[in-house]
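Letter by letter, the chains look like this.
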Amino acid sequence: MENGGEGNNHLQLALQESQMVAVAATACLPQPLSVSDFARPPMHGSNLRVAYQGVPGAYSEAAACKAYSECEPIPCDQFEVAFQSVELWLADRAVLPVENSLGGSIHRNYDLLLSHRLHIVGEVQLPVRHCLLALPGIQKEDLTRVISHPQALSQCENTLTKLGLNVSREAVDDTAGAAQFIAANNLTDTAAIASVRAAEIYGLNILAEGIQDDRCNVTRFVMLAREPIIPRIDRPFKTSIVFAHGESTGVLFKVLSAFAFRNINLTKIESRPRRKNPIRIVDNTNHSGTTRYFEYLFYIDFEASMADQRGQNALSELQEYVTFLRVLGSYPMDTTPLGPVAELCLDVHAPAV
Ligand SMILES: O=C(O)C(=O)C[C@]1(C(=O)O)C=C[C@@H](O)C=C1
């Protein structure tokens, strides 16, 4: 009996061990995908390498971290490099500022969206609060020059004048890069427009904070990837497209009504020169001479997913009117609260009393 009992114990132990080995082995195996995987929330960004234009402390870096909280932001000296780093698998995503509530569209970046084949997979709206930064000990009166990204300079144009600064304005590649340049070259006559984080990183003093011309200053960024994401309908989605049309009349009206009749809200429309084919020349048979028409590309963002029947129907109708159409991406809308800046925006829109 005793022996038999001991034998049973051994058997149980052996069984338990083999079960543990089996469980450990299964844990190492890749798990098969199931239907529920498609409903998973978007990944939080751990280990995701996100390329941005600028140096640490740039707003684009902050946008990358807002989109993918645990990502590894990868600074790039130009937007082209950020795009290429994704195309060449050195990064997983690129972050691209496309418009600002004060400065408007960042046109060059619209052109880049078309000249590369990356897909928009997300968007982020980031409140941008600019500071005037200078070396420790420097006063506003010592300044002869303010440097920053052209968008940042234009967002602070009126405030710089109001501050009574007698300075020239010079554009550089990014806001944080301006701060870095001042620190690296010990420039005592120059200030940068950049973020609080840039001041901390490059050891500069904040001479003035919140110097953008409107308290509510928001930049919209898009996230780009090699592959599109699977569009969904269980949360608000936006779709971005670009199209061109030929010679027929009233095309833009027809395009807009394809969305309006389906109750689809447009959030953005932008036109850009059609660079590869910028001018259409029409010979006038009745009159002497020719007419030259400038050709445009139209970028539209609309509030519907490509998985939504209304969005699909609108696009198939569009195809009847246009000569070129590309879907740049269908992606979740940024509906996160803007934080304290939201109240400032509400202030702005409140009826005057
Ligand atoms: O220079 C930076 O910090 C950027 O991230 C670029 C950029 C832009 O291109 O608009 C981003 C946000 C601000 O609107 C100002 C500059």
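Please read all numbers here as calculations on a predicted model, not as lab measurements. (Residues numbered from 1 in each chain as written. Predicted model: local features only at pLDDT ≥ 70, side-chain atom pairs only at ≥ 80, totals over all residues. Heavy atoms only, no water.)

J.: Help me out: how do you make sense of the pattern of salt bridges in this one?
T.: Where charged atoms from two side chains of opposite charge come close, those side chains can pair. Applying the stated criterion to the full structure yields 16 salt bridges. As a salt-bridge pair, Glu-170 and Arg-145 come within 3.1 Å of each other at their nearest N and O atoms. Here Glu-170, found in strand β8 (residues 168-171), pairs with Arg-145, found in strand β7 (residues 145-148); they are 25 residues apart in sequence, far enough to count as distant. Classification of Glu-170 as partly exposed rests on a relative accessible area of 34%. (Salt bridge = Lys/Arg side-chain N within 4 Å of Asp/Glu carboxyl O. Helix = DSSP H or I, 4+ residues; strand = E, 2+ residues; numbered from the N terminus. Buried < 20%, exposed > 50% of the residue type's maximum accessible area, 1.4 Å probe, protein only.)

J.: Sorry if this is basic, but what is going on with the pairing of strand β11 (residues 218-225) here?
T.: A regular strand places its side chains so that they alternate between the two faces of the sheet. For β11, a buried count of 8 out of 8 residues is recorded, marking the element as mostly surrounded by other parts of the structure. Burial along β11 is two-sided: Val-218, Arg-220, Val-222 and Leu-224 and Thr-219, Phe-221, Met-223 and Ala-225, pointing in opposite directions, are all buried. Where strand β5 (residues 119-127) meets β11, 8 bridges bridge the pair, whose relative direction is antiparallel. Within the sheet, the bridge partner assigned to Ile-120 lies in β11 and is Leu-224. (Pairing = 2+ DSSP bridges.)

J.: Hey, could you run me through the packing of aromatic side chains in this one?
T.: Summed over the entire model, instances satisfying the criterion amount to 4 aromatic pairs. Summarising the aromatic geometry, the rings of Phe-259 and Phe-302 are spaced 4.7 Å apart at their centres and angled 40 degrees between planes, so their arrangement reads as tilted. Of this pair, Phe-259 sits in helix α9 (residues 251-260) while Phe-302 sits in strand β16 (residues 296-302); the two residues are 43 residues apart in sequence, bridging distant segments of the chain. Note on accessibility: Phe-259 and Phe-302 belong to one class, buried. For the pair Tyr-296 and Phe-298, a centre-to-centre distance of 6.4 Å together with 55 degrees between the ring planes defines the contact as tilted. (Phe/Tyr/Trp six-rings, centres within 6.5 Å; stacked < 30°, edge-to-face > 60°.)

J.: When you look at the sheet that holds β16 in this model, what are you seeing that I'm missing?
T.: What holds strands together in a sheet is hydrogen bonding between their backbones, with the strands either parallel or antiparallel. Reading across from one edge, β13-β16-β12-β17 is the order of the 4 strands in this open sheet, with antiparallel pairing throughout. Each of the sheet's edge strands pairs with one partner strand only, and the pair in question is β13 (266-273) and β17 (324-332). For this sheet, the mean inter-axis angle between neighbouring strands, taken without regard to orientation, is 15 degrees. As paired elements, strand β12 (residues 237-244) and β16 share 5 bridges and run antiparallel to each other. Each residue of the ladder has a partner; that of Phe-243, found in β16, is Phe-298. Sheet strands touched by helix α4 (residues 107-115): β12, β13, β16 and β17. Its angle to β13, the strand with the most contacts, is close to 85 degrees. (Axes fitted to C-alpha atoms, helices over the stretch in contact; angles between N-to-C directions. Contact = heavy atoms within 4.5 Å.)

J.: Would you take a moment to explain the packing of helix α3 (residues 79-87) against α4 for this structure?
T.: Working note: a packed helix pair is described by the angle between its axes plus the distance between those axes. It is at 11 Å that the axes of α3 and α4 come closest, and there the two elements cross at 25 degrees. What the angle tells us is that α3 and α4 run roughly parallel. Helix-helix and strand crossings are classified by hand; for α3 and α4 the assignment is right-handed. Across the interface between the two elements, Phe-79, Glu-80 and Phe-83 from α3 touch Arg-108, Asn-109, Leu-112 and Leu-113 from α4. Looking at the contact of α3 with α4, its residues break down into 4 nonpolar, 1 polar and 2 charged. (Parallel < 35°, antiparallel > 145°, perpendicular 65-115°, else oblique. Left-handed = near helix turned anticlockwise from the far one by under 90°. Nonpolar A, V, L, I, M, F, W, Y, C, P; charged D, E, K, R; others polar.)

J.: Mind showing me how you'd approach the pairing of strand β1 (residues 49-53) here?
T.: With 4 of its 5 residues buried, β1 lies for the most part within the structure. When β1 meets strand β2 (residues 72-76), the two strands line up parallel, connected through 5 bridges. Considered in β2, the bridge of Arg-49 is made with Glu-72. Relative to strand β3 (residues 93-100), β1 runs parallel, the two sharing 2 bridges. Along β3, the bridge assignment pairs Ala-51 with Ala-94.

J.: Which parts of the structure should I look at to understand empty space enclosed by the protein?
T.: Remark: the empty space left among the atoms is shown by a probe the size of a water molecule rolled over them. One pass over the full model with this rule turns up 1 cavity of 30 Å³ or more. Looking at the largest cavity, its volume works out to about 60 Å³. Lining the largest cavity are 13 residues, and of these Tyr-110, Leu-113, Ile-120, Ser-240 and Asp-301 lie nearest its centre. Contributions of two or more residues to the lining of the largest cavity are made by α4, β11, β12, β16 and β17. Among the elements that line the lining of the largest cavity, the one with the most residues is β16, at 3 residues. For the lining of the largest cavity, a count of residues per class yields 10 nonpolar, 1 polar and 2 charged. (1 Å grid on protein atoms, 1.4 Å probe; cavity = no way out; pocket = protein on both sides within 12 Å on 5 of 7 lines; lining within 4 Å. Points joined across faces, edges and corners; volume = space filled by probe spheres on them.)

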